[in-house]
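Architecture and fold: a report
One letter stands for each residue in the lines below.
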Amino acid sequence: REIDQYDWQGQSYSELKRQFPESWRAWEKGIPDEMKVLETATDIVHYPLLEMWERADRVWSEILDLEKKQQDDDNEKDR
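Quick summary incoming for the structure in this document. (Residues numbered from 1 in each chain as written. Predicted model: local features only at pLDDT ≥ 70, side-chain atom pairs only at ≥ 80, totals over all residues. Heavy atoms only, no water.)

Let's talk about the overall build of the chain
When you go through the chain residue by residue, the secondary structure sums to 3 helices and 2 strands. Ordered by position in the sequence, the α and β elements of the chain form the string α-α-β-β-α. A globule of 79 residues ought to have a C-alpha radius of gyration of about 12 Å, yet the chain, at 19 Å, is considerably larger. C-alpha extents for the chain along the principal axes are approximately 65 × 25 × 20 Å. The burial tally for the chain puts 18% of its 79 residues in the buried class. (Helix = DSSP H or I, 4+ residues; strand = E, 2+ residues; numbered from the N terminus. Rg over C-alpha atoms; globule rule 2.2 N^0.38 Å. Buried < 20%, exposed > 50% of the residue type's maximum accessible area, 1.4 Å probe, protein only.)

Regarding the nonpolar core
The biggest cluster of nonpolar side chains holds 7 residues, and these are Trp 8, Leu 16, Trp 24, Ala 26, Met 35, Val 37 and Leu 49. If sequence neighbours within four positions are ignored, Leu 16 has contacts with Trp 8, Gln 11, Pro 21 and Trp 24. (Core = buried A, V, L, I, M, F, W, Y, C linked by side-chain atoms within 4.5 Å. Contact = heavy atoms within 4.5 Å.)

Re the side chain of Ser 23
Structurally, the position occupied by Ser 23 is in helix α2 (residues 21-29). A residue is classified by how much of its surface remains accessible, and Ser 23, at 9% relative accessible area, is buried. Other than its neighbours up to four places away in sequence, Ser 23 contacts Trp 8, Glu 34, Met 35 and Lys 36.

Side note on unusual backbone geometry
Non-glycine residue Tyr 6 carries a positive phi angle of around 50 degrees. The topology assignment puts Tyr 6 in the segment before α1 (13-19). Phi angles above zero are rare outside glycine, and Asp 43 is one such case at about 60 degrees. With respect to the secondary-structure elements, Asp 43 resides in the loop between β1 (37-39) and β2 (44-46). Assessed through its relative accessible area of 60%, Asp 43 is described here as exposed.

Points about the packing of aromatic side chains
Considering all chains together, one arrives at 4 aromatic pairs under this definition. One aromatic cluster in this structure is built from Trp 8, Tyr 13, Phe 20, Trp 24 and Trp 27. (Phe/Tyr/Trp six-rings, centres within 6.5 Å; stacked < 30°, edge-to-face > 60°.)

Digging into a nonpolar patch on the surface
On the surface, a cluster of nonpolar side chains totalling about 230 Å² of accessible area is made up of Leu 38, Val 45 and Tyr 47. For Val 45, the position within the fold is in strand β2. (Patch = residues over 30% accessible without salt bridge, like charges linked within 9 Å, V, L, I, M, F, W, Y side chains within 5 Å. Areas by Shrake-Rupley, 256 points an atom, 1.4 Å probe, with all protein chains shown as cover. Salt bridge = Lys/Arg side-chain N within 4 Å of Asp/Glu carboxyl O.)

So, to be careful, I would describe these as geometric facts and stop short of saying anything about function.
Structural data, given as structure tokens:
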């Protein structure tokens with residue numbers, strides 16, 4: 001899954017810069033804890049960069065766990 005943009009979805013860069021100057025600046029500079037986007041359907045403020053990094057961290061952890069399990073299984077077979 002890609003990064004969720006919530007209420008930013010479908011808007012032009014110029015609209016985003018005008019409507020959300022602080023969050024836009026954080027997006028451009030990659031400052032995750034300052035890049036906020038509202039999801040009006042739920043009235044929840046999201047931090048898309050942090051959410052993306054958290055998902056990536058979970059996926060890498062799963063990959064590493066699977067790799068370790070595979071190595072352990074291979075070592076068991078070699079015994």
